[in-house]
Every structure is written in structure tokens, then in C-alpha cells.
Amino acid sequence: MSARLRISRTHYPVHALGPGNRLVVWVQGCTLACKGCMSRDTWPAEGGTEVPVGDLVELWRSAVERGADGLTVSGGEPLQQPEGLAAFLTAADEVRRGADRELDFLVYTGYDEAELDRSHWDAVVHADVVVFGRFDVTEPTDLVWRGSANQRMTPRSDLGRRRYADLVDHAPERGPLQVEVRGGDPWIIGTPRVGALRDLDRSMRGLGLRVTDVTWRP
Ligand code: SF4
């Protein structure tokens, strides 16, 4: 398989970006520049690592063998690499067809549906659910797995409609977040509510910790 995808990172298991335990692939590169984006490190198109799609498929195969419930693709902006994304999800779909349980694909994009062209729709043809829309810091939300109220979680398959039926309007008391440490640096996974990262900054300073380099500030 010759297709490639430029990624920021991957992680398994993630339980803060979709139902159950998931493999998450964060792609690298985004030109949408939402004010307040928590992942500015994923913006440069020349950053991250370009990897063969086949390597990502093997990660997905391994996650399935370890009990994954689904796959989430976030970013960065996945639809700014439509060919690589299409190749990855097509191959990942073949893997899930051989599984002994249902596995769903969730894709995040900062684009609205009206902005998508044919190559974008081809790229998400295997997605069971797509979250559409830019992050808007002026529209806070408690809706699960969304950063702002304008972002629409849209089921696109029978599995997506069944598995996410009660989740599209679900607003938990506390949003799911996950903290991992990689290379000695803490890393927050999920969609923190508006103001949560500012509060985290303050709390850490209150503990006497110096916060010098974070992904949500220039
Ligand atoms: S929130 Fe998503 S779409 Fe917006 S700038 Fe950040 S990575 Fe790009």
C-alpha cells in the first residue's frame, strides 16, 4: 500500500474521544486556525511524521486484537489529506469486517458539510459518525466529545445511528478527559470545556509549577 498520511501522533487506548476504548489517530496539518484551538502543534503541514497507511492499518489491527471498540481520526484537519484518509479508512474497514464485534469509525473535521467537495466525501465514506464544524470559543457546550456548541455530531451509517443515538445530545456533568505522559510531557486527550485549560493553567501555577510551553497558546 503506497498511500501515506502525515500524522501528529496515535494512541491506544483512548476513552475520551468516542464510545469505549479507541485507537485515535491525530493527523498533522490544519490551516483553519480556530481561535482557542488546543492543538496548535498540529497546524504546521510540514510537522509531525509522514507514515505509510499500511503502518496505521497494522496499529488498528493490533488495537482490534486488544479489544478496541472503535477508531477515531482527529487532528489537525483530516480532510486536508483526503487521499491518505480515504486509503486508511478503506483498509481499516477491511480489518473491521473480520472482527467478531461491531467497531465504529468517528472522524472530526473543522469543515462544515456545505464546504466538502467530492474528495472529502469519498474520504469519509466509511465513517459511521462525523463531527463537523470549526471550534468556536464563543459557543461553549457541555455536549460530549464536542468542543463548541456549533459542532454537529452526524451519524452516517446504521451502526453510527444505533451506537450514537443517545450520545448526540448527551451532556455529561463532567466531560471525559484523559491525561497521558509521553516523552516526559503531560498530554490532555479529549475536548476540554471552554475555560478548562485556562483553569488548569491557573491551578498549576497555584501549585508552583511553571507552565511554559503548551499547545493551546501561540
Ligand atoms: S480546532 Fe481543529 S479545525 Fe480548528 S484549528 Fe484546531 S485543529 Fe484545526
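As shown above, the structure is provided for reference.
In this report, we go over the structure that sits alongside the text. (Residues numbered from 1 in each chain as written. Predicted model: local features only at pLDDT ≥ 70, side-chain atom pairs only at ≥ 80, totals over all residues. Heavy atoms only, no water.)

### With respect to unusual backbone geometry
Glycine aside, residues mostly have negative phi, and peptide bonds are mostly found in the trans state.
Then, number 1: Here Y12 and P13 are connected by a cis peptide whose omega angle stands at 0°.
Then, number 2: Position of P13 among the secondary structure elements: in strand 1 (residues 4-14).
Then, number 3: Geometrically, the link from G75 to G76 is a cis peptide bond, its omega value of 5° lying close to zero.
Then, number 4: With respect to the helices and strands, the residue G76 is situated in the loop between strand 4 (70-74) and helix 2 (82-97).
Then, number 5: In this structure, W145 is a non-glycine residue whose phi angle is positive, near 65°.
Then, number 6: With respect to the helices and strands, W145 occurs in the loop between strand 6 (129-132) and strand 7 (152-155).
Then, number 7: Under the relative-accessibility criterion, W145 is labelled buried at 7%. (Helix = DSSP H or I, 4+ residues; strand = E, 2+ residues; numbered from the N terminus. Buried < 20%, exposed > 50% of the residue type's maximum accessible area, 1.4 Å probe, protein only.)

### Overview of the pattern of salt bridges
Then, number 1: Across all of its chains, the model carries 15 salt bridges by this definition.
Then, number 2: Between R4 and E50 there is a salt bridge, with the nearest N and O atoms lying 3.0 Å from each other. You can see R4 sitting in strand 1 and its partner E50 sitting in strand 3 (residues 49-52), a full 46 residues away along the chain.
Then, number 3: Accessibility expressed as a relative area gives 41% for R4, which makes it partly exposed.
Then, number 4: In this structure, R118 and D122 form a salt bridge, with 3.3 Å as the shortest nitrogen-oxygen distance. Placement of the pair is R118 and D122 together in helix 3 (residues 118-123), with a separation of 4 residues, close to one helical turn. (Salt bridge = Lys/Arg side-chain N within 4 Å of Asp/Glu carboxyl O.)

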